[in-house]
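# Results of the structural survey
So the chains spell out like this:
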Amino acid sequence: MNHKLCKLFCICAIALSMIGCGTSDKEIEVPDLIRGAAPVYTDELIQIGMIQTGKESDWRDANTNDYLDTFVPERGYELIYIDGNSSSERQVKAMYDLIQQRVDYIILQPIVETGWDDAITEAKNAGVPVIVADRQVAIDNALYKAWIGSNFHEEGIKAVEWLENYLEEQGRQDEDIKIILLEGTQGATATIGRTEGLLEGISKHANWKIVDQGCANFTQGEGQTYMEALLESGKVPEFDVIISENDNMIFGAMKALERHGISYGPDGDVIMMSFDALHEAFEKMIDGQLHVSVECNPLLAGTIEKVIQELEAGNEIEKKYYTEEGVYDYTIAADYIDTRKY
Ligand code: GZL
């Protein structure tokens, strides 16, 4: 559907210009954007096709709800939401369907980085702009308009820095530390980046050792199943730390540890670390079950809306927009839990 925009009243574009976008190659930290006043369109709605990964985690649900709350008719949008149902094939097919429909924009949140060359090239050739969000795609970035998401490698580094400080405070910096790493979906940028950052940091400590590393696909069920099997196997008789690449997997691992009578958390034996910083993670930190969660901001729709408005106004945009994220541990969780938006 062709979309002619007649008039746009929005403080968002002004807000974006105030963010201080740098040069096109510079990666900028985009502040936690407040959602501006709804744009007032005097013409038809901007039609957006949004291809989601699925419903694998609570983080994903918060991410989806943010899109559903943002791209609504009263703000000038018609959203076609497609649940990828954790299937890359389904996502690629959805891309072709949306190209066929000649939507105004496609927002793609890919499950994995690979397999996108033909579909995104097709969108480019058809003149349907693609905005990639959350995880990335391993193709020439000239084929899509922009990417918005987290610096996953940085998240991994932050987790190791937290562990270094914690062990120092506990007087355990010279101890042999055995680590179990629960990874997310193989081929997903979040997994690739976090794992790279973690291994880079861990490799700096001769007394730290990863005694097991396995995939639990970011889901709570697979986190529990994986941990149960590992404990049953006796392969890893001793371990000091579990690092999980998202909160849901470590919630599942907690259930397995409980079933095996293993104490964990700041009040127990095993150091528990994860990523996402869900509200439930704060509850578990306050309850003494989780040590730390490295934040990964799922609320991307506000930034994407501003990028779309810049494109609609014919303005230049950046190639990459990073979200701002922090690290929350059990010592400060109670101070922040009431500020959490997801
Ligand atoms: C991170 C996102 C990851 C989350 C998981 O941006 O891709 O996928 O960390 C989610 O919780 O399933």
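Attention here is on the structure that accompanies the text. (Residues numbered from 1 in each chain as written. Predicted model: local features only at pLDDT ≥ 70, side-chain atom pairs only at ≥ 80, totals over all residues. Heavy atoms only, no water.)

Moving on, we get to the nonpolar core. Within the largest apolar cluster, 36 residues are counted, with the highest numbers of intra-cluster contacts made by Met227, Phe239, Ile242, Leu257 and Met272. Looking at this core, the elements that each hand over two or more residues are helix 2 (58-70), strand 9 (177-183), helix 7 (220-233), helix 8 (247-259) and helix 9 (279-286). A total of 7 residues in this core trace back to one element, the largest contributor, which is helix 8. Phenylalanine 239 has contacts with Lys178, Ile180, Val211, Met227, Leu231, Leu257, Ile262 and Val270, leaving out every residue within four places of it along the chain. Residues Ile120, Val128, Val132 and Tyr322 belong to the second largest nonpolar core, which totals 22 residues. (Core = buried A, V, L, I, M, F, W, Y, C linked by side-chain atoms within 4.5 Å. Buried < 20%, exposed > 50% of the residue type's maximum accessible area, 1.4 Å probe, protein only. Helix = DSSP H or I, 4+ residues; strand = E, 2+ residues; numbered from the N terminus. Contact = heavy atoms within 4.5 Å.)

Here helix 7 spans 20 Å end to end across 14 residues, near enough to the 20 Å set by a 1.5 Å rise per residue. Of all the residues in helix 7, the buried ones are Gly223, Met227, Glu228, Leu230 and Leu231. Looking straight down helix 7, one finds its buried side chains confined to an arc of 165°; they lie on one side. Across helix 7 from its buried face, at more than 90 degrees, point the exposed residues Thr225 and Glu232. Tucked inside the fold, the buried residues of helix 7 contact strand 9, strand 10 (208-215), strand 11 (241-244) and helix 8. With its phi angle positive at about 70°, glycine 234 sits one or two positions after the end of helix 7. (Expected span 1.5 Å × (residues − 1). Arc of directions from axis to C-beta.)

To continue, consider the packing of aromatic side chains. Taken as a whole and assessed by the stated rule, the structure comprises 7 aromatic pairs. With a centroid separation of 6.3 Å and 20° between ring planes, the pair formed by tyrosine 67 and phenylalanine 71 is classed as stacked. Under the relative-accessibility criterion, tyrosine 67 is labelled buried at 0%. With centroids separated by 4.9 Å and ring planes inclined at 85°, the aromatic side chains of phenylalanine 71 and tyrosine 77 adopt a geometry described as edge-to-face. (Phe/Tyr/Trp six-rings, centres within 6.5 Å; stacked < 30°, edge-to-face > 60°.)

On to the sheet that holds strand 12 (residues 271-276), then. An order of 10-9-11-12-13-15 is seen for the 6 strands of this open sheet, with the pairing classed as mixed. At either margin of the open sheet sits one strand with a lone partner, and together these are strand 10 and strand 15 (327-329). Ignoring which end each strand starts from, the neighbouring axes of this sheet average 15° apart. Pairing geometry for strand 9 and strand 11, over 4 bridges, is parallel. Within strand 11, the residue paired with leucine 181 across the bridge is isoleucine 243. (Pairing = 2+ DSSP bridges. Axes fitted to C-alpha atoms, helices over the stretch in contact; angles between N-to-C directions.)

With that settled, consider the site of the ligand. As a matter of local geometry, the ligand sits amid 13 residues, with Glu56, Asp134, Arg135, Arg194 and Asp276 nearest to it. For the ligand, an oxygen atom lies 2.6 Å from a polar atom in the side chain of aspartate 276. Calculation on the ligand without its partners gives an accessible area of 320 Å², and the protein chains cover 100% of this total. Among the cavities detected, the one that contains the ligand is the largest cavity. In terms of residue class, the shell around the ligand is built from 5 nonpolar, 2 polar and 6 charged. (Near = heavy atom within 4 Å. Polar contact = N/O pair within 3.5 Å; in protein donor to acceptor, adjacent residues only side chain to side chain. Areas by Shrake-Rupley, 256 points an atom, 1.4 Å probe, with all protein chains shown as cover. 1 Å grid on protein atoms, 1.4 Å probe; cavity = no way out; pocket = protein on both sides within 12 Å on 5 of 7 lines; lining within 4 Å. Sits in = over half its atoms within 2 Å of the grid points. Nonpolar A, V, L, I, M, F, W, Y, C, P; charged D, E, K, R; others polar.)

The end-to-end C-alpha distance of helix 6 (residues 189-202), which contains 14 residues, comes to 20 Å, matching closely the 20 Å that a straight helix rising 1.5 Å per residue would cover. With respect to burial, helix 6 is a largely interior element, 10 of its 14 residues being buried. All of the buried residues along helix 6 are Thr189, Ala190, Thr191, Gly193, Arg194, Thr195, Gly197, Leu198, Gly201 and Ile202.

The next thing to look at is the pattern of salt bridges. If you walk through the whole model with that rule in mind, you get 16 salt bridges. Notably, a salt bridge pairs glutamate 155 with arginine 194, separated by 2.6 Å at the nearest N-O pair. Remark: arginine 194 occurs in helix 6 and glutamate 155 occurs in helix 5 (residues 152-169); sequence separation between them is 39 residues. A relative accessible area of 0% means that glutamate 155 is categorised as buried. (Salt bridge = Lys/Arg side-chain N within 4 Å of Asp/Glu carboxyl O.)

Before going further, it helps to spend a moment on empty space enclosed by the protein. With a probe scaled to a water molecule rolled over the atoms, the places where space remains empty come into view. Enumeration over the complete set of coordinates arrives at 1 cavity of 30 Å³ or more. Approximately 90 Å³ is the volume attributed to the largest cavity. Lining the largest cavity are 13 residues, with Trp59, Arg60, Arg135, Arg194 and Asp276 positioned closest to its centre. Contributions of two or more residues to the lining of the largest cavity are made by helix 2 and helix 6. (Points joined across faces, edges and corners; volume = space filled by probe spheres on them.)

Our focus in this paragraph is the pairing of strand 4 (residues 46-52). In terms of burial, strand 4 is largely enclosed, as 7 of its 7 residues are buried. Residue alternation in strand 4 divides its side chains into two sets, Ile46, Ile48, Met50 and Gln52 and Gln47, Gly49 and Ile51, and both sets are buried. When strand 4 meets strand 5 (residues 77-83), the two strands line up parallel, connected through 7 bridges. Residue pairing in the sheet places glutamine 52 in a bridge with aspartate 83 of strand 5. Crossover strand 4 to strand 5 through helix 2 is right-handed. The pairing of strand 4 with strand 6 (residues 105-108) spans 4 bridges and is parallel. (Right-handed = clockwise from strand over helix to strand, strands pointing away.)

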